[in-house]
Amino acid sequence: MAAIVINGQEFGLEGVEPSTRLASFVRQTACDKSVRVACGSGLCGSCAVLATPPDGGEPRALNSCLTPVGSMAGWSVSTAAGLGCSARSHHPVQERVAAFHASQCGFCTPGFVVGLGAGLERAAAAGRQPAAAELAACIDGNLCRCTGFRPLMDVCKSLAGGADIEDLGLHSAYSPCSPEAPPPARPTSAGAARKGPLRLQAGGRTWLAPRSLQELLQACADAGTSDGGGDGGDGGGPVPRFVAGNTGSGLFPQLWPSDCPLVITLGGVEEMRTVTEAEGSLVVGAAVTIAELIATLEARVPGGSPTPGGAATDNGLANGGGTADAASVDDGTAASAAGGAAPTPPPPHPCAALAGLLARVAGAHVRAAGTVGGNLMLAREQGLESDVATGLLGWGASVVLLNTSSEAAAAAANNAAGGVHATNGKNGAAVGAPEVPLEDFLGDDGSPGAGRLLVAVRLPLPAEGAYYWTSKVAPAHSSVHATMNAAVGLRFASGSGGSAHGAAVADASVALGYYGANRWAVHRAAAAEAALMGRQLSPASLAAALKAVVADVAGAARPSAAAAMAQGLMLQALVPRLAGAAGGADDGGEGPLPPALRRLLRVPAPNQAPPVMRGRQEFEEAPEGAAPLGAPMEKDRVLLQTSGEAQYTGDVPLPAGAQHAAWVTASEACATVEGIDAAAALAAPGVVAFICAADLPEGRNSVAFPMGASEPLFASEQVEYHSQPLGLIVATSQEAAKRGAALVRVAYGPPPEPPVLSLAEARRRSSYYKMPPPIAPADQVEGDPEGALAAAPRAIRGRRVAVPANYHLYLETQSALALPDEGGAMKVWSAAQDIGMVQKAVATALGKRHHEVEAVCRRVGGAFGGKCTRNLPVAVAAALAAAKTGRAVRFVQDRQTDMRLMGGHCEALAEFDCGFTEEGEIQSLSLEVFLLLGAFPDVPLDGMNLASMITMAYSIPNLSLKVRLCRSNTAPTTFMRAPGDAQAALIMESVVEQVAAACGLDAALVRERNFAEPAESGGVVRLALKKEVPAADYTLPRLWARLKESAGYEARCAEVAAFNLSNPWVKRGLGMTHTRFDCGVPAKPAYVSLFTDGSVLVQAGGSEVGQGLTTKVKQAALSELSQLLPEARRPLPAELVRIADQTTNVLPAGNLTGGSTTSEAACHGVKQACGVLRERLAPFAADLGPEGTWGQLMAAVAKANGLSGCQKVPLTAVGYSAELEGGCDARYTVWGAACTEAEVNILTGERRLLRTDCVMDCGRSLNPAVDVGQVEGALAQGLGMVLSEERRMCAATGRLLTDSLWHYHAPTAAAMPRQLNVCLLPGSRLERSTLSAKAVGEPPLMLAASALSALQAAVRAGRAELAALGASSGGPSSGGASSNGGGGEDGSERLASGGCEGSDGDASLLQLPASVDHVMAALCGARGRDLAAAVRAAASDAR
Ligand SMILES: Cc1cc2nc3c(=O)[nH]c(=O)nc-3n(C[C@H](O)[C@H](O)[C@H](O)COP(=O)(O)OP(=O)(O)OC[C@H]3O[C@@H](n4cnc5c(N)ncnc54)[C@H](O)[C@@H]3O)c2cc1C
Ligand code: FES
Ligand code: FES
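Residues numbered from 1 in each chain as written. Chains lettered and ligands numbered in written order. Predicted model: local features only at pLDDT ≥ 70, side-chain atom pairs only at ≥ 80, totals over all residues. Heavy atoms only, no water.

## Regarding unusual backbone geometry
Residues Ala627 and Pro628 are joined by a peptide bond in cis, for which omega reads 5°. Relative to the elements of secondary structure, Pro628 occurs in the loop between β19 (617-618) and α23 (638-643). Residue Pro774 is bonded to the preceding Pro773 through a cis peptide linkage, with omega at 5°. Counting through the fold element by element, Pro774 comes out in the loop between α26 (759-764) and β28 (780-782). Positive phi, close to 55°, is recorded for Arg637, a residue that is not glycine. Tracing the chain through its elements places Arg637 in the loop between β19 and α23. A relative accessible area of 18% places Arg637 in the buried class. The phi dihedral of Ser723 falls on the positive side, at around 80°, and the residue is not glycine. (Helix = DSSP H or I, 4+ residues; strand = E, 2+ residues; numbered from the N terminus. Buried < 20%, exposed > 50% of the residue type's maximum accessible area, 1.4 Å probe, protein only.)

Rendered as structure tokens:
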């Protein structure tokens, strides 16, 4: 019987629907919740499992969300819980992730554990120690939204051999994993080995797993399909659907093979799984995975790959980690390859070049499952932005195809019966398989390939002296689609070895992939090829190719931008060969190259994986006597997070008969609703009920938010934004609920008025919210901005700064579970930042009293403000469904719906006039800021916060500010980490940036010149707009100076200038910015119970969302209760304290988690409660004397209380932080600063961060390890906002176009600065708070502005270079690019719509986010650029 083994236990697959996702099977059938589905599309890795194939081959980590269980028969699968859990021992990876503070909310953590576990196992099996870069490559593609990745990279280093242990700081004692100390064995089983072609049948569907091409062909022949194709061709049988790795369904969900009558899996077909060498070619079976092809190619590189899997070399470590000196910035980068005195290095071996490109395909887990053939089919039929297709096209590959209609298959099966090896091109022909050039395969009509099997790909082995180069321009290193990709293959006339001035190009294969008008285009660049063919490689032919390639991208969605990028790529492609042939600098054949040209022959190397990130953390020791408060204590229950045993709302066990829910959402942005018909849905299998506004009593169709705002739970008469919920389908499974929701028909009438879909449109139509101050801030003015502007020596007028909207991307989507209780009461689990709000909202919707509703939350898988209020509709809907059906209802939003419904940070646009001196002192600033709040105001704090934070630390004598809150027909925005503060900082720092640019001054200097002066002694510091902060709070000058010194700012400015001088195509910049954050500390309740066995249970107001609240609360309880013990016996063991789930049955109010101060407020409350208990127990402690133990103390209390347990000493106490001095509503300001060095490739717009140094004032930290993690995580989120994250709407329908992680680019490890140093400012105190701590969750987010500042500087240097080259004085074509934010409904249009217009006012200024597109726009301005002319000019200069 076919079976799968999960964590050593065998599960039969008979009768199991074969298309069931492995993730669902593991969670539901194997009851293992450590597998988490956070994206469902292969782009986060949280669902990873470690899988060993039936033949016992190499284990690999796979995304179980993309793996149908039907293709896993005979496999043995381990989850994170299988690697180690509390019932057994933990795996070394788990122990280190816990010890290194590499897990915050923990939702992503099991995925990381599995990825690293796979790397260790592979290395152990090969009998070697893994390198850090190799381990980092194993989690390439795993997403974490909390940690900033640095601690995860430290885990890689600690497990690897050869790491510099200094780099691991506190954790340097950990020894690496080695063949002598391999990871512990995990429970596996040989599995149910296959005996014959496997057949699974369920629900009328058949899945076949043939083992040979002959069996496959026989299956096709038996299916009885004719040539006609279709679902049941003339032959009457079903068209077989081929499934290889099934990863294609991650990007194209319609490909999920759920409704196919006949599925044939390709993973077991021997001939398609092998790579053979025959007649000067590699014949790669179509079912060979991308990872396997990489390994094959690397094995052919003389000397091999430095680290298996195409990972970066570990050069980051070789430099001696953790030092802060400028020289330690890793130079194994594009820049070093390009610059300094070093010439362009010799081109890599062609196989290494192709492997380098393939290593950037997807993430590690997709590469481990996704096949070469599957990729090419997706490129041909779905318009996938394929790197594989471009890379292989430039290589000159061809494909072997088979017709699998039954007649043809029968004939071929007969041919194959003799044991023909069909993956060999020649033998493929023997079974009737024609070989087709790849360009013909990709370029035919793109009609579905039903009836066509791609058997193999033939790669001619490169001839001696042949040259191959390939690259991908993309928003990030991997797990992201290309913006453009290219591959160039050159063969030279025999004998020459390809000398630049020797033989002519005999064969040129130039492939380009880019966004065409309607979909991704990949083709040979005929014009560029023609320019090269028959000519020697020389400056002249290079210039000709650069000129010609412009015509090759004429069909691009944005021809001008595409031409600039294609020229950049061609230059990068051809120069290494040209420079190599010319001896790197001098022309061996025709005398020296002109110096100007020689300088240009230093290009960045392509596809360089970043080295493993490193960093240094500095903080003060815990004060004496306070421990464990103030110590870097391990996170509470972190080992449960690493093994996946930690429970989130979606993991709470369901009672029998539980149901699931899915929204029915609007497909219009603004329309009247004429009718909703759910009949078809109700008739669908599994669907139980439909709920809409009509089911709710008058006045109950609403979710009320604080501050009086409310919005309907279900749209009824009118739809206000695309995807707004109209109803809810309740069904027996999540899949059935989703399918049912899609069947509900909604009839729309004409909209009352056209929708407002953009900020520009809102302004044009004066679509503003009218709300009272401070929600809508009153206009503010100080001094005489207009008069001062007129009088200022310098001025910039009418400038704009646009800050795009971004999305929370917590890994746990909005989730709730409603459990009906007796008498109509309801218990609701909600992933919530405020369970009190959940209780009230559910009670209101159900018409119950508050005490009839219990809201519960244990932990939240990331929130970032998105679960303050936007969790309420999900919780209320689940409760309504449970009330209606009388059953438990779980409602977990899928990622796409979550992205569409969550407004995130609101988009902002600032217009300003600014007057200043030649020295950059700002004398006048008039700002008008527009914030796009969306269709409902939710909790519109952004305007209020922006108005209060806009001045940052600046003292501007004449300033006016107007803030407008715009209404639009888009999803409501809500709190998001630093709401309003983030926009304020980015706007204000951009204003200063523009002033500095206008003055030609260093922006950091201009910042300093405008900072408020410290007060002479005591008193207050005056900021602009009459804002004052206590002088004692104004730590900015101190931390700014410290940062300047520790980052080596002055010296590095000089180094960057020198670097830029000698590197034509890579430019660096340094940026230094600051952050200010005003905090209010709310009162928080706490409830502490002591048990007579000595254990302690604590409940504190606030949710654990990954920020370490429960850890700090535990530390506070331990520290406070330890005071009862003699000093020698302190502190109490940590395991004595347990933090209870939050429930409104215990603490009904004061639970809001937000504003970064919840942890400190909760600690106040806990200290208060513990103080009460201390007082009660003090006499008993005194009786015990200096030798007393905690156990004796509790025994004495128990004795006193007698049998009833509570006669004398109550063992429970309530605390409330307001009762502590200054604890309630205490206000203070947090400061911080960061310095970032960034680098830009001015040929393609690619950018990367080299190093960031942060200094944050956290007062005296409650837990410095947690707080460093908060700084790193907030910075990472800010970097996403600044560099890559952008929500884009369809201009016509208002649909969110960036509704998947394929189109919404959050930072992965590769996007982080290579070196990240964090210092918690020593000696800072806030005496009125617990231990003198300050808030840390939100303020560091704004430090990401330093990256923008650094990029601005790099771009300015790039523009200067281009201007000097004369490369911007004409263009491949004139005219800029299309505007940002447009785009149509389909995927290709959406990506083509990426912004590429120059900024308003000053084209040298970057638009946010500083994506590749925007960097190119800022580099080229609106005029494009002609590198051909620049090369020609340089070549002729010295002649
Ligand atoms: C998250 C993610 C990121 C990605 N990033 C990149 C990237 O950066 N660059 C890039 O180039 N690609 C990228 N991809 C695409 C990835 O490479 C492909 O999904 C993968 O190679 C497809 O192989 P598969 O075996 O999973 O195909 P499947 O999903 O099994 O099949 C895909 C399609 O091809 C058909 N098919 C498969 N094999 C054959 C065959 N031999 N003959 C006929 N039909 C066949 C199937 O019927 C199906 O229609 C990404 C994919 C994901 C999910
Ligand atoms: S849930 Fe599978 S990769 Fe994200
Ligand atoms: S710890 Fe990684 S997403 Fe929260």
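What follows continues from the structure just given.
## Quick word on the packing of aromatic side chains
With the rule as written, the count across this model stands at 12 aromatic pairs. Ring geometry for Tyr721 and Phe936: centres 6.5 Å apart, planes at 75°, overall edge-to-face. Pair noted here: Tyr721 is in the loop between β25 (718-719) and β26 (725-731) and Phe936 is in the loop between β35 (922-934) and α31 (941-949), with a separation of 215 residues, a long-range link. As far as the burial class goes, Tyr721 and Phe936 line up, both buried. An aromatic cluster is defined as three or more aromatic residues linked by ring pairs; in this entry it consists of Trp663, Phe714 and Phe891. The lysine or arginine in question, Arg859, covers the ring of Tyr648, its NZ or CZ lying 5.7 Å from the ring centre. Lying across the ring of Tyr810, Lys867 places its NZ or CZ 4.3 Å from the centre. (Phe/Tyr/Trp six-rings, centres within 6.5 Å; stacked < 30°, edge-to-face > 60°. Lys NZ or Arg CZ within 6 Å of the ring centre and 35° of its normal.)

## A word on the nonpolar core
With 236 residues, the main nonpolar core has Leu490, Met570, Ile987 and Trp1065 as its most contacted residues. Of all the elements, helix α21 (residues 559-581) adds the most residues to this core, at 13 residues. Apart from residues lying up to four places away in sequence, Met570 is in contact with Val488, Val510, Ala528, Leu532, Leu542, Ala545, Leu546 and Val549. Counting 68 residues, the second largest nonpolar core, distinct from the first, contains Val361, Phe441, Leu453 and Val455. (Core = buried A, V, L, I, M, F, W, Y, C linked by side-chain atoms within 4.5 Å. Contact = heavy atoms within 4.5 Å.)

## Quick notes on helix α25 (residues 734-743)
For an α-helix, 3.6 residues make a turn, and residues three or four places apart therefore share a direction. Inspection of α25 places Ala736, Ala737, Gly740 and Ala741 among the buried residues, and these make up the whole buried set. In a view along the axis of α25, the buried residues occupy a sector of 135°, so they form one face of it. Away from its buried face by more than 90 degrees, α25 exposes Arg739 and Ala742. (Arc of directions from axis to C-beta.)

## Brief notes about the sheet that holds strand β15 (residues 467-473)
Taken together, the 4 strands give an open sheet; going across it, the order is β15-β16-β17-β18, and neighbouring strands pair in antiparallel fashion. Each edge of the open sheet carries a strand with a single partner, namely β15 and β18 (520-524). Averaged over all pairs of adjacent strands, the angle between their axes in this sheet comes to 5°, without regard to strand direction. Examined bridge by bridge, strand β17 (residues 505-515) and β18 share 5 bridges and lie antiparallel to one another. Residue Tyr514 lies in a different strand from β18, and its bridge partner there is Ala521. (Pairing = 2+ DSSP bridges. Axes fitted to C-alpha atoms, helices over the stretch in contact; angles between N-to-C directions.)

## Section: the UniProt feature "binding site: [2Fe-2S] cluster 2" (unreviewed entry) in the protein
When the UniProt feature table is mapped onto this chain, "binding site: [2Fe-2S] cluster 2" (unreviewed entry) is found at Cys105, Cys108, Cys144 and Cys146. Judged by maximum C-alpha separation, these annotated positions cover 42 residues in sequence but sit close together in space, the widest gap being only 9.4 Å. Within the fold, Cys105 resides in the loop between α3 (92-99) and α4 (109-125). When its relative accessible area of 6% is taken as the criterion, Cys105 is described as buried. Looking at where Cys144 falls in the secondary structure, it is placed in the loop between α5 (132-138) and α6 (150-159). When neighbours within four sequence positions are excluded, Cys144 is seen to be in contact with Cys108, Phe112, Phe149 and Leu152. (UniProt positions renumbered as here; feature names shortened; annotations may be inferred.)

## Re the pairing of β15
Of all 7 residues in β15, 7 are buried; the element is thus mostly enclosed. Neither face of β15 is open: one carries Tyr467, Trp469, Ser471 and Val473, the other Tyr468, Thr470 and Lys472, and all of them are buried. Two strands pair when backbone bridges link them, and β15 and strand β16 (residues 484-492) are joined in this way by 7 bridges, in the antiparallel orientation. Within β16, the residue paired with Trp469 across the bridge is Val488.

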